[in-house]
Every structure is written in C-alpha cells, then in structure tokens.
Amino acid sequence: NCLKDAWDEELCPDPETCSKNCALEGVDEKGYSDTYQAIPVEQNGLKLKFPKAPRVYMLDADKTYKLFQLLNREFTFDVDLSTLPCGMNAALYFVEMSKDGDKGALNPAGSEYGTGYCDAQCPHMKFIQG
C-alpha cells in the first residue's frame, strides 16, 4: 500500500511512478455486499446497514457515472431512518464529478472503481484527481 499515515516516498515520489506502483483493489458484488452489508432490495433499491454503510455511486450502462440534469426537475427518494442510532448522520448529496472518473494515463481505473470522487473532505491523491 502506497498510503499509510503519509505517502511512501520510495514507492510514490512523483505521479508517474505512483500510478505504476500503487493499485486500486477491486471487489465483486458478493464481496462488496459481505464487507459493507449493502443489500439490493426491491427494484433498484439498496439497503445499507450501520455502521459499515459505504459511499454509493450510480453508474450508467456504460460503467460511467450517472449524470443528473436537475435544472427545473425533481429528484425524490425514500429513506427509512427508524433504525439509525441517535446522532447518526445519514446523507444523500450530489457532487460534481467527471463522468469517466478522471480515467486517463495516470488513472486507468475510472468510474467503475469509484475514482474521480471529491467533496470538501477528499484527499489530494498523487495519481487520482482529488
């Protein structure tokens, strides 16, 4: 792993070397469900269980991020908060992201592997825009 408490300067001295030495780990649907307790429900639904509920990204059929055009439109969703413990933050929000997850020469993974995500808390990655 190239990132522990700080970047391993031997493995990751610059973006080009870092992109060759550092890898993203993939996980199949069963592994994701087992690890994060993310369970498909009903049609197009997802049940996330506390405390392991992960971030979830929506993909189009071509495995790029789903882009929502919300100007003068409505987005609705249902959330059951009845089982959350007191003080738990459950949020749904939109952030601006590149449709392909910033896939390129230094980032061959792209949106299918969750790259390109960034909000106010994102880390600066040496080989993935953040």
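Cut-off values and rules
Residues numbered from 1 in each chain as written. Predicted model: local features only at pLDDT ≥ 70, side-chain atom pairs only at ≥ 80, totals over all residues. Heavy atoms only, no water. Helix = DSSP H or I, 4+ residues; strand = E, 2+ residues; numbered from the N terminus. Buried < 20%, exposed > 50% of the residue type's maximum accessible area, 1.4 Å probe, protein only. Contact = heavy atoms within 4.5 Å. Areas by Shrake-Rupley, 256 points an atom, 1.4 Å probe, with all protein chains shown as cover. Disulfide = S-S within 2.5 Å. Phe/Tyr/Trp six-rings, centres within 6.5 Å; stacked < 30°, edge-to-face > 60°. Lys NZ or Arg CZ within 6 Å of the ring centre and 35° of its normal. Pairing = 2+ DSSP bridges. Salt bridge = Lys/Arg side-chain N within 4 Å of Asp/Glu carboxyl O. Polar contact = N/O pair within 3.5 Å; in protein donor to acceptor, adjacent residues only side chain to side chain.

(A) Just the overall build of the protein, in detail. Per the secondary structure count, the protein includes 2 helices and 2 strands. By residue count, 18% of the 130 residues in the protein fall in the buried class. Contacts in the protein between residues at least 24 apart in sequence constitute 41% of all its contacts with a sequence separation of at least 6. Split by element, the accessible area of the protein, about 10300 Å² in all, is 51% carbon and sulfur.

(B) Summary view of the state of the cysteines. Evaluation of the coordinates by the stated rule reveals 1 disulfide. For cysteine 12, the disulfide goes to cysteine 18, at an S-S distance of 1.8 Å. Taking the sign of the S-S torsion, -90 degrees for the link of cysteine 12 and cysteine 18, the bridge is left-handed. Like cysteine 18, cysteine 12 is buried.

(C) Up close: the packing of aromatic side chains. One pass over the full model with this rule turns up 5 aromatic pairs. Summarising the aromatic geometry, the rings of phenylalanine 68 and phenylalanine 75 are spaced 5.4 Å apart at their centres and angled 85 degrees between planes, so their arrangement reads as edge-to-face. Here lysine 66 stacks its cationic end above the ring of phenylalanine 68, 5.6 Å away from the centre of that ring.

(D) Fine view of the pairing of strand E2 (residues 45–48). Strand direction decides the pairing type here: strand E1 (residues 38–41) and E2, joined by 4 bridges, are antiparallel. Across the sheet, the residue bridging to alanine 38 is leucine 48, located in E2. Remark: 3 residues form the turn of the hairpin made by E1 and E2, two consecutive strands paired antiparallel; glutamate 42 in that turn has positive phi of roughly 45 degrees.

(E) Region of the structure containing the pattern of salt bridges. The final tally for this structure, using the stated rule, is 3 salt bridges. As a salt-bridge pair, lysine 30 and aspartate 34 come within 2.6 Å of each other at their nearest N and O atoms. With lysine 30 and aspartate 34 both in helix H2 (residues 29–36) and 4 residues apart, this pair spans about one turn of that helix. When its relative accessible area of 58% is taken as the criterion, lysine 30 is described as exposed. Measuring nitrogen to oxygen at the nearest pair gives 2.7 Å for the salt bridge that ties lysine 99 to aspartate 60. Of the two residues, lysine 99 sits in the segment after E2 while aspartate 60 sits in the segment after E2, which places them 39 residues apart along the sequence. Lysine 99 gets classed as partly exposed once you look at its relative accessible area, which sits at 31%. For aspartate 60, a relative accessible area of 26% corresponds to the partly exposed category.

(F) Representation of the environment of tyrosine 65 in the model. Inspection of the secondary structure assignment puts tyrosine 65 in the segment after E2. In this structure tyrosine 65 comes out as buried when scored by relative accessible area, which is 3%. For the pair tyrosine 65 and aspartate 100, spaced 35 residues apart in sequence, the C-alpha to C-alpha distance is 6.5 Å. Aside from chain neighbours lying at most four places away, what touches tyrosine 65 is Tyr57, Met58, Leu59, Asp60, Met97, Ser98, Lys99, Gly101, Ser111, Gly114 and Thr115. Within the local environment of tyrosine 65, its side chain forms a polar contact with the backbone oxygen of threonine 115, the two atoms lying 2.7 Å apart.

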